[in-house]
Every structure is written in structure tokens, then in C-alpha cells.
Amino acid sequence: MLGRLILILLQIVVAWFLAPIIAKYVPVAGVFGLFVFAIICAIIVFLVGVLAAQVLRDVGQPGSATLTWCLILALVAAAIATWGPSLVPQIGRVPDRALVLAGAILGYLVKK
């Protein structure tokens, strides 16, 4: 249990600081920048999970389905952050990148 908590915190910290650095090198303009950011976040969360599985004891090795869920939920969160505030104004209070990162982390935690 402690290993999974450390993994989640490590994923949040690494993706929060590394994803904007990588995203600024990808030239995408307009609304689709957040979707590219979602893909980058999902890949970083997955790779941190793969590396942490080698080091931490209680953490299992993620599979390709984990990467798929990370991508799907991060892209859904990006869509909600992009088009959701027009439907539910309270969504606009949460930073877009935090919502996308939360989607990627939840996608990583989804089990079969």
C-alpha cells in the first residue's frame, strides 16, 4: 500500500514538472495544445510507473492496457476541460493541466 502511494506521488510530481517542459517543444496551436499535453502526461505517468515497478516492492508492472487507460482518461479530461465549462461553469475553477494529470493518474489506477 505504501508503495502505491509513493508511486502516485512520484507520478504527480514528475508529470507536473516534466510535461510542460516537453510540451513546449511540440508546436501545436489552439485548442489542441491541451490534447497534446494530455498525451504527454499519460506517457510520462506510464513510464514513471514502469520505472517505479522495477524499484518499489508492492507495485506491479503495468501492461499495455494501463497505457491505453491513461491515454483515454487523460484525453477525456482534456475534452472536459476544453468544452465542459460552457456546460458546467464550476469546471473552469480547476486548472486544465491539473484536470488532465488527474485523468492520467486515474487511468493508471484503473484495474481490469
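Presented here is an overview of the structure given in this document. Computed from a predicted structure; not experimentally measured.

### Quick word on the side chain of Thr66
Here comes step 1: Residue position: Thr66 is located in helix H3 (residues 64-83).
Here comes step 2: With a relative accessible area of 14%, Thr66 lands in the buried category.
Here comes step 3: Setting aside residues no more than four positions away along its own chain, Thr66 makes contact with Phe46, Gly107 and Tyr108.

### Quick notes on helix H1 (residues 2-23)
Here comes step 1: Here H1 contains 22 residues, and its C-alpha end-to-end distance of 31 Å stays within 8% of the 32 Å for a straight helix at 1.5 Å per residue.
Here comes step 2: Most pronounced at Ala15, the bend in H1 amounts to some 30°.
Here comes step 3: Three or more residues of H1 are buried, namely Gly3, Leu7, Gln11, Ala15, Ala19 and Ala23.
Here comes step 4: Tucked into the core, H1 has its buried residues touching helix H2 (32-55) and helix H4 (96-109).

The rules behind each value
Residue numbers restart at each chain and count upward from 1, following the sequence in its written direction. This being a predicted model, a pLDDT of at least 70 is required before a residue's local features are given, and a value of 80 or more before pairs of side-chain atoms are given or counted; all residues contribute to the totals for chains, interfaces and linings. Hydrogens and water molecules were not included; the side-chain quantities draw on all heavy atoms of the structure. Here a helix means four or more residues in a row that DSSP labels H or I, a strand means two or more in a row labelled E, and each is numbered from the N terminus. Remark: exposure states derive from per-residue accessible area (1.4 Å probe, protein chains only) relative to the maximum for the residue type, with buried under 20%, exposed over 50%, and partly exposed in between. By definition, residues are in contact when any of their heavy atoms lie within 4.5 Å. What a helix should span is 1.5 Å times the count of its residues minus one. What we call the bend at a residue is the angle made by axes fitted to the seven residues finishing there and the seven residues starting there.

All we've got here are geometric facts, nothing functional implied.
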